[in-house]
Amino acid sequence: MAIFADYRGLPASARGASVALGNFDGLHAGHRAVMEAARKAGQGKLSVATFEPPPRSYFRPNDPPFRILRPERRNNLILAEGADTVFELPFNGEMAAMTDEGFVRQVLVDGLGVSHVSVGFDFRFGRGRMGNVARLSSLGRALGFGVSVVEEVLEFGAKASSTAIRQALMAGEPEVAAEILGDWWIADGIVEAGEKNGRTFGFPTANIHLNDLIHPRHGVYAVRVRIEGEQDWRGGVANFGRTPTTGLRDPLLETFIFDYDADIYGKWIEVQLVSYLRPELKFGSVDEMIVQMHKDTAESGNRLKAAPSRPN
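Quick caveat: nothing in here was measured; it's all calculated off a predicted structure.

Asker: Hey, could you run me through the overall build of the protein chain in this one?
Answerer: Regarding its fold elements, the protein chain presents 10 helices and 14 strands. By its C-alpha atoms, the protein chain is 70 × 35 × 35 Å across when sized along the principal axes. When contacts within the protein chain are restricted to residue pairs at least 6 apart in sequence, long-range pairs at least 24 apart make up 73% of them. Surface summary for the protein chain: the accessible area is close to 14,500 Å², and the carbon and sulfur share equals 51%. Taking the 35 positively charged and 39 negatively charged side chains of the protein chain as two groups, their mean positions are separated by 4 Å.

Rendered as structure tokens:
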């Protein structure tokens, strides 16, 4: 298994593959169907080619954060699905300027040496999104590689899409996002030193900035937490937002881990958002806030007991 950060200068062993091509942010059922089509065409062998950074980041750099998965998690999940190779195609000014034929010739044929390409039905490529799946199929016939087009995949009567996952998270519906993903959505990052107010209240928190991960709805969540170096998930309750009671600041995910008080500053943690409890509130006093935090902790424990380890 290997990850390559370019399509140029590849070893012979990495070329000639059956390739699933797309953004693969979220790795939902539609993405897995594209991967399976490439696997079948490759007689069990599979490579995945995605874009890094995503084209949206290049063309709309001032958009709010939208990534469902950090690149490292995306790549690990792709490899866990059985891919032999992941190609991170560098999306920059050079690639943005390529015509549809230029992309196919330079990247897919000269670079990856593809034997087959699998894409979703709505895949677009080339300068100004000029190319579509019909154009890709035509170029494949002319240049000697096969093309599979995977039709729309429905989950719960709606299109399985990264957009639907983002909408669910921003609406405070992590259960809906999880059903589309096939697993709980995870916010991950390095634990940073915060204001340390929680420790004085009896609720020490592990704090992470989400940076370019999508920002879910502000509020309080029932969560499960896995700490770097551990295998098991621990229960917890988390607040994502600006903490209006103690002072506004950049959005932060603050997680109180049940029955745990070790120093984990500098460690990587993963936080599964399982259930939305309530929106952020501004309390009249710290005492009022502490009372509510006890209620949130109890409610989170109840929600976690009722929630499956995987959503489907």
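Continuing now.
Asker: What should I look at first to understand the sheet that holds strand β14 (residues 268–278) in this one?
Answerer: The pairing of strands in a sheet happens through backbone hydrogen bonds and is either parallel or antiparallel. Ordered by their spatial adjacency, 6 strands build an open sheet running β9-β14-β11-β12-β13-β10, and the pairing between neighbours is antiparallel. Every other strand in the sheet has two partners, leaving β9 (186–190) and β10 (206–208) as the edge strands with one partner each. Across the sheet, the mean angle from the axis of one strand to that of its neighbour is 35 degrees, orientation sign disregarded. Both β10 and strand β13 (residues 252–257) contribute to a ladder of 3 bridges, which runs antiparallel.

Asker: Looking at this structure, how should I read the packing of aromatic side chains?
Answerer: Any two aromatic rings considered together are summarised by their centre-to-centre distance and by the angle between their planes. Under the counting rule described, the total for this entry stands at 11 aromatic pairs. Geometrically, the ring pair formed by F51 and F91 is edge-to-face, given 6.0 Å between the ring centres and 85 degrees between the ring planes. Separated by 40 residues along the polypeptide, F51 in strand β3 (residues 47–52) and F91 in the loop between β4 (85–90) and α4 (93–96) bring together distant segments of the chain. Of the two residues examined, F51 and F91, each falls in the buried class. Ring geometry for Y58 against F59: centres 5.1 Å apart, planes inclined by 85 degrees, an arrangement best described as edge-to-face. Relative accessible area serves as the criterion here: at 51%, F59 is assigned to the exposed category. An aromatic cluster is present here, built from F51, Y58, F59, F91, F103, F123 and F125 joined pairwise through their rings.

Asker: Any chance you could explain the nonpolar core here in plain terms?
Answerer: The nonpolar side chains of soluble globular proteins are, as a tendency, buried together. Of all hydrophobic cores here, the largest spans 31 residues; its most connected members are W185, L210, L253, I264 and I269. Listed by contribution, the elements that provide at least two residues to this core are α7 (162–170), α8 (174–181), β10, β11 (219–227), β12 (234–241), β13 and β14. When residues no more than four places from it in sequence are discounted, the contact partners of L253 are A187, A206, N207, I208, L210, A238, N239, F240 and V271. Counting 28 residues, the second-largest nonpolar core is a separate cluster that includes V19, V119, F123 and V133.

Asker: Would you explain unusual backbone geometry in this entry?
Answerer: Of all residues except glycine, most have a negative phi; of all peptide bonds, most are trans. Backbone torsion omega between E52 and P53 reads 0 degrees, so that peptide bond is classified as cis. Relative to the elements of secondary structure, P53 occurs in the loop between β3 and α2 (55–59). Unlike most non-glycine residues, F24 shows phi in positive territory, near 55 degrees. Assessed through its relative accessible area of 1%, F24 is described here as buried.

Asker: I would appreciate a short explanation of the side chain of S47 in the present structure.
Answerer: Residue position: S47 is located in strand β3. Here S47 falls in the buried class, since its relative accessible area comes to 3%. In this structure S47 touches A17, S18, V19, A20, T85 and F87, once residues within four positions along its chain are discounted.

Asker: Would you take a moment to explain the packing of helix α5 (residues 100–111) against helix α6 (residues 133–143) for this structure?
Answerer: The description of two packed helices rests on the angle between their axes and on the distance between the axes. Orientation of α5 relative to α6, taken along the N-to-C sense of each, is 55 degrees, at an axis distance of 11 Å. In terms of their interaxial angle, α5 and α6 are classed as oblique. As for how α5 packs across α6, the hand of that crossing is right-handed. Across the interface between the two elements, D100, E101, V104, R105, L108 and V109 of α5 pack against R135, L136, L139 and L143 of α6.

Asker: What am I meant to see in the pairing of β12 here?
Answerer: When a strand is regular, its side chains alternate between the sheet's two faces. Buried residues dominate β12, accounting for 6 of its 8 residues. Pairing of β11 with β12, which is carried by 7 bridges, proceeds in the antiparallel orientation. What sits directly across from R224, in β12, is G235. Turn length for the β11-β12 hairpin, with the two strands adjacent in sequence and antiparallel, is 6 residues, and the turn residue G229 shows positive phi of about 90 degrees. Relative to β13, β12 runs antiparallel, the two sharing 6 bridges. Counterpart to G236 in the pairing with β13 is I257.

Asker: Teacher, can you tell me more about the pattern of salt bridges here?
Answerer: Pairs can form between side chains of opposite charge whenever their charged atoms are close. Enumeration over the complete set of coordinates arrives at 22 salt bridges. Among the salt bridges present, the one from R73 reaches E270, with a minimum N-O distance of 2.5 Å. Of this pair, R73 sits in helix α3 (residues 71–80) while E270 sits in strand β14; the two residues are 197 residues apart in sequence, bridging distant segments of the chain. Both residues of the pair, R73 and E270, belong to the buried class.

Procedures and definitions
Residues numbered from 1 in each chain as written. Predicted model: local features only at pLDDT ≥ 70, side-chain atom pairs only at ≥ 80, totals over all residues. Heavy atoms only, no water. Helix = DSSP H or I, 4+ residues; strand = E, 2+ residues; numbered from the N terminus. Contact = heavy atoms within 4.5 Å. Areas by Shrake-Rupley, 256 points an atom, 1.4 Å probe, with all protein chains shown as cover. Lys, Arg positive; Asp, Glu negative; His and termini not counted. Charge placed at Lys NZ, Arg CZ, Asp CG, Glu CD. Pairing = 2+ DSSP bridges. Axes fitted to C-alpha atoms, helices over the stretch in contact; angles between N-to-C directions. Phe/Tyr/Trp six-rings, centres within 6.5 Å; stacked < 30°, edge-to-face > 60°. Buried < 20%, exposed > 50% of the residue type's maximum accessible area, 1.4 Å probe, protein only. Core = buried A, V, L, I, M, F, W, Y, C linked by side-chain atoms within 4.5 Å. Parallel < 35°, antiparallel > 145°, perpendicular 65-115°, else oblique. Left-handed = near helix turned anticlockwise from the far one by under 90°. Salt bridge = Lys/Arg side-chain N within 4 Å of Asp/Glu carboxyl O.

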